[in-house]
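Remarks on the overall topology
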Amino acid sequence: MSEHNSPQPGSTAQSAKGGLEGIVAATTGISKVEGQTGRLIYRGYNIHDLARSTTYEEVAYLLWFGRLPNAQELKQLKEQFAAERTIPEEVMTILEALPAATAPMDALRTAVSAWGAVAIQGTPTIDQAIALTARFPVFLATFERLRKGKKPLTPLAELGHAANYLYMLTGQIPSEEHVRGLNSYLVLLADHGMNASTFTGRIVASTESDIASAVVAAIGALKGPLHGGAPALVQDMLREIGSVENAESWIRNAITSGKKLMGFGHRVYKTTDPRAEELREMARVADPDSFKMARTVEELALAILQELKPGRKLYTNVEYYSAALMASVGLSGDMFTPTFAVSRVAGWTAHILEQVSNNRLIRPEAEYTGPMDLHFVPLEQRS
C-alpha cells in the first residue's frame, strides 16, 4: 500500500484482507518500500546506488548507525567483524552433533540459539548486533562442511564478509566475480521494511527479551516458503520446465491448472521489484547459459499471465533471480534461504535496536469469532 493510502500511526483502521495489510505497526527510519513505484530506500539511499557501489559491511553500518561510514569507521567495523568470526566450543559441539540430514536453516537457528545461551544477556546492543552478523556465515559454512564430512575452516582476516563466506564453504579463495555477485546480493536483501521476519523480531524485542531470542524468532519466520523459502522453489520450477522449448507449454499448463509460478508476484510491489532488476543483470553476467533459460521463462510467464489473466498484474520478484545468482556462486538449493538470513540479520538487528530505543510492548487486538455464554457441564455429566 502506498504511503498516501496508509493509515497513520495509532489509526484504528482494520485490514480488510487480513494479515495486518494496511495497518501501520511502527515507525522506522531504517528502510522504506515504495510498492507502487518500485523503490527501496535504506536510510535515504536508493537500493540501486548501494547495490552497485557499496560493500555489505558499509550497508550494515548504514543500517545500524544511520549513515555511511568513513574509511576509518569502515576499517574498524571490518576489524570487529574479523575478531567476532569465532564459534564457542559449546556451539561447535552442537553443530557436530546435528545429523547430516538437518536442513541448514534449522542448523543456523540452532547455532544462533546456542550461541545466545552462552554469550548473550541483557538489553540488545550494537556490539551484540555486530557479533551476530559476523557469525551467521561462520555458523552456516561450518555446518555445510560438517554435513559433507569435511573439516571446518578458520576464516581469513584479510577477506571481507562475502569473500569469507565463500572461502569457508569451499576452501578456495573466491573469484572477484563471485565475491562481487554475492556482495551485491547481500546488500540488496539486507532490509526490506516491516516484513514478516522483521516484525517478528521486533515483537520479541518489545517484550524486553534478548537480541538472540529476537533473531531466532526472525529466522523461524524467514524459513517459511511465503517469506524467505522461495528461491529454492524457483530453481525446482526451472528444473521441472527443463528446456526453453518446453517453457511455454509448461507455463500455460501451470497457469490454467492453478499452479503457482514461483518467483512472480509480491505482497507489496505493484510493479517490478527493484532488487530483481539488479539481480537480473548480475545473474546474466554470472551464468549466461542458465540466465538464458531463466530470462525466457520470465518473459513468457509475464506475457502468458497478461493474456490469460489480463486484470492481474504480476511481476518478477527478488526470489526469481536470487536462485540463479546463488547457484552461480556454488550454493546448493537448501543454502539459499540461510544465505538470505546472512544478509537480513543486519536489518533484523537494526530494527531490534530501533525497537528497544523507544520501546512499547507490541500487543495488537484480535477479533474473536468463537461462541459466547456456553453452559458449563461437569465431566461426569458429559455424554
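An account of the accompanying structure is given in this report. This is a predicted model, so every value here is computed, not measured. (Residues numbered from 1 in each chain as written. Predicted model: local features only at pLDDT ≥ 70, side-chain atom pairs only at ≥ 80, totals over all residues. Heavy atoms only, no water.)

1. Description of the overall build of the protein
Inclusion rule: What counts as a helix is a DSSP run of H or I of at least four residues, what counts as a strand is a run of E of at least two, and both are numbered from the N terminus. The atom set for the radius of gyration is the C-alpha atoms, and the globule formula is 2.2 Å times the number of residues raised to the power 0.38. Any residue under 20% of the maximum accessible area for its type is buried, any over 50% is exposed, and the rest in between are partly exposed; the area is computed with a 1.4 Å probe on protein chains only.
Within the protein, the secondary structure is distributed over 16 helices and three strands. At 22 Å, the protein has a C-alpha radius of gyration in line with the 21 Å of a compact globule built from 383 residues. Along the first, second and third principal axes, the C-alpha atoms of the protein reach 70 × 55 × 50 Å. The buried share of the protein, taken over its 383 residues, is 48%.

2. Section: the sheet that holds strand β2 (residues 39–42)
How we decide: Strands are treated as partners if at least two bridges between them are detected by DSSP.
The antiparallel open sheet is built from three strands, whose spatial order is β1-β2-β3. The open sheet is flanked by β1 (31–34) and β3 (45–46), the only strands paired with a single partner. Pairing of β2 with β3, which is carried by two bridges, proceeds in the antiparallel orientation. Looking at β3, one finds that Ile41 is bridged to Asn46.

3. A look at the packing of aromatic side chains
Operational definition: Each aromatic pair joins two rings of Phe, Tyr and Trp (for Trp, the six-membered one) with centres within 6.5 Å, and gets the label stacked for planes under 30 degrees apart, edge-to-face for over 60, and tilted for any other angle.
Enumeration over the complete set of coordinates arrives at five aromatic pairs. On the basis of an interplanar angle of 65 degrees and a centroid distance of 6.3 Å, the ring pair of Trp64 and Phe81 is categorised as edge-to-face. In this pair, Trp64 is assigned in helix α2 (residues 56–65) and Phe81 in helix α3 (residues 71–84), connecting sequence segments 17 residues apart. We note that Trp64, like Phe81, is buried.

4. Concerning the nonpolar core
Within soluble globular proteins, side chains that are nonpolar tend to cluster in buried spots. Rules: Here, nonpolar core means buried Ala, Val, Leu, Ile, Met, Phe, Trp, Tyr and Cys residues that are tied together by side-chain atoms lying within 4.5 Å of each other. Residues count as neighbours in contact if any of their non-hydrogen atoms are within 4.5 Å of one another.
Residues Trp64, Phe136, Val215, Met237 and Leu261 are the most contacted members of the largest nonpolar core, which totals 108 residues. Here the element with the most residues in this core is helix α6 (residues 126–147); it accounts for 11 residues. Once residues within four sequence positions are removed from consideration, Met237 is found in contact with Trp250, Leu261, Met262, Phe264, Val297 and Tyr320.

5. Some thoughts on the side chain of Ser328
Topologically, Ser328 is positioned in helix α15 (residues 318–328). Those residues in contact with Ser328 that lie beyond four places of it in its chain are His178, Ala286 and Asp287.

6. Comments concerning the pairing of β1
Here β1 shows a clear split, with Ser31 and Val33 buried on one side and none of Lys32 and Glu34 buried on the other. Bridge count between β1 and β2: four bridges; the pairing is antiparallel. Bridge assignment links Val33 to a residue of β2, and that residue is Leu40. Here β1 folds back onto β2 in antiparallel fashion, the turn holding four residues, of which Gly38 has a positive phi close to 70 degrees.

7. Notes on the packing of helix α9 (residues 196–206) against helix α16 (residues 336–357)
Which entries qualify depends on this criterion: Geometry is summarised by axes, namely lines fitted to C-alpha atoms with helices restricted to the contacting stretch, and by angles between N-to-C directions that run from 0 to 180 degrees. In this scheme, a crossing is called left-handed if the near helix is turned counterclockwise away from the far one by less than a right angle; it is called right-handed if the turn is clockwise.
Relative to each other, α9 and α16 sit at 35 degrees, their axes nearing to 9 Å. By crossing handedness, the relation of α9 to α16 is classed as right-handed. Between α9 and α16, the contacting residues are Ser197, Thr198, Gly201, Arg202, Ala205 and Ser206 on the first element and Arg344, Trp348, His351, Ile352, Glu354, Gln355 and Val356 on the second.

8. Quick look at unusual backbone geometry
Positioned with a positive phi, Arg43 is a non-glycine residue whose angle comes to about 50 degrees. Topologically, Arg43 is positioned in the loop between β2 and β3. Of note, Glu208 is a non-glycine position whose phi angle comes to about 70 degrees, a positive value. Note that Glu208 resides in the loop between α9 and α10 (211–222).

9. As for the pattern of salt bridges
Applied cut-off: Salt bridges are counted wherever a side-chain nitrogen of Lys or Arg sits within 4 Å of a carboxyl oxygen of Asp or Glu.
Inspection of every chain in the model, using the stated rule, returns 20 salt bridges. Its salt-bridge partner being Arg252, residue Glu307 comes within 2.9 Å of it at the nearest N-O pair. Residue Glu307 is located in helix α14 (residues 288–308), and its partner Arg252 is located in helix α12 (residues 244–256); the two are separated by 55 residues in the primary sequence. Between Arg280 and Glu298 there is a salt bridge, and its shortest N-O distance comes to 2.7 Å. Placement of Arg280 in helix α13 (residues 274–286) and of Glu298 in helix α14 is noted, with a sequence separation of 18 residues between them. Judged on exposure class, the residue Arg280 and its partner Glu298 are both buried.

10. What to know about helix α5 (residues 104–119)
Keep this limit in mind: Given a helix with a known number of residues, its expected span is that number minus one, times 1.5 Å.
Counted at 1.5 Å a residue, the expected span for α5 with its 16 residues is 22 Å, and the 22 Å between its end C-alpha atoms agrees. For α5, the complete set of buried residues consists of Pro104, Met105, Asp106, Ala107, Leu108, Ala111, Val112, Ala114, Trp115 and Gly116. Buried-residue contacts for α5 involve α4 (89–97), α6, α10 and α16.

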